[in-house]
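# Structure at a glance
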Amino acid sequence: MSARGRTATGPAVPDHAAAGASDIPERGMPEGESEALELLERGTLTVAGRIMAASNATLFCTIRAAGIEANCVYKPIAGERPLWDFPHGTLAGREVAAYLVSSAAGWNFVPPTVMRDGPFGPGMCQLWIDMDPDVDLIALSRRTDHAGLRDLAVFDAVINNADRKIGHLLPVPDGHLYGCDHGICFAEEYKLRTVLWQWCGKALPARSVEVLRRLADDLAGGWLARALSAHLTRGEIAAMLSRVEVLLASRTHPYPPEDWPAVPWPPV
């Protein structure tokens, strides 16, 4: 990702976290992740500019605490555009919910993400990811032999991602794949819209089945269900558990919806 199109430097907000991700168990958490969450929750947030290509207010920021500095993305709730099919003011919380699900599964697709206060009020704050500039994203999105990409397709089916575009893929130099922009996910109705349909109808890998079983347990009354309740409705959490159970019963990647566009536009 880049910070092209940003505007003038904005104000700084000192340590003032409104909510966080402190309930996430550290089991399976990548090295340095808990420190990143602490920085995002408690650090001083300074707006450096705006990412103009984003449809909602998306601000590129620096965050500092105890001599540590990093870049991050801050999406204030006040900057969310109303949508006809998602309740207004809920997109930031859905981004945090996507991080919680990704972490619970051990996929770690979503960069560390918290809800906190900022210069323009409460919003989502997510660690900035520097992409590998040598990766062709269009070619990557079409691969059928990339284990991480296939796992991401399963993740999107779980969270009911209505907007998986090619530009939301964030491969990094060490080979790990991240994803961003999960604000329009978790609808109760089936709205999966993605560029990753190459496995539809194919059997799920054994590793995916194992992860889905763990998610089913966590959603049925474990820590994940409790953590998600701060960002999603009971109906949305129940619908996600239902999707996981359907995937476990079918053991196959889902098919495109018949009454909903299968691919987001533009796809990139």
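Up top is the structure.
Bear in mind the structure is a predicted one, so any value in this text is a computation, not a measurement.

Let us look at helix α4 (residues 147-159). One turn of the α-helix equals 3.6 residues, which is why residues spaced by three or four share an orientation. Spanning 13 residues, α4 covers 19 Å between terminal C-alpha atoms, matching the ideal 18 Å at 1.5 Å per step. Among all positions in α4, only L149, R150, D151, L152, A153, V154, F155, D156, A157, V158 and I159 are buried. Looking at the packing, one finds that the buried side of α4 touches α2 (91-105), α3 (137-141), β7 (169-171), β8 (177-179), α5 (206-219) and α7 (234-250). Residue N160 follows α4 closely and has a positive phi angle near 60°.

With that settled, the discussion passes to the environment of C72. With respect to the helices, strands and loops of the structure, C72 is situated in strand β4 (residues 68-76). C72 sits in the buried class, given a relative accessible area of 0%. In this structure, the C-alpha to C-alpha distance between C72 and W128, residues 56 residues apart in sequence, is 4.3 Å. Excluding residues within four positions of it along the chain, C72 makes contact with L40, L45, L59, F60, C61, I63, C125, Q126, L127 and W128.

Moving on, we come to the nonpolar core. By size, the foremost hydrophobic cluster in this structure holds 66 residues, and its most contacted members are V101, W107, F155, V158, F186, L215 and L228. F155 has contacts with A98, V101, S102, W107, F109, V110, R164 and H182, leaving out every residue within four places of it along the chain.

Cis geometry is adopted by the peptide bond preceding P266, which originates at W265 and carries an omega value of -5°. Checked against the element boundaries, P266 lands in the segment after α7. A positive phi is found at A66, a non-glycine position, where the angle reads about 50°. Counting through the fold element by element, A66 comes out in the loop between β3 (59-65) and β4. The backbone of R251 sits at a positive phi, close to 55°, despite the residue not being glycine. Exposure remark for R251: the relative accessible area of 38% places this residue in the partly exposed category.

Calculation criteria
Residues numbered from 1 in each chain as written. Predicted model: local features only at pLDDT ≥ 70, side-chain atom pairs only at ≥ 80, totals over all residues. Heavy atoms only, no water. Helix = DSSP H or I, 4+ residues; strand = E, 2+ residues; numbered from the N terminus. Expected span 1.5 Å × (residues − 1). Buried < 20%, exposed > 50% of the residue type's maximum accessible area, 1.4 Å probe, protein only. Contact = heavy atoms within 4.5 Å. Core = buried A, V, L, I, M, F, W, Y, C linked by side-chain atoms within 4.5 Å.

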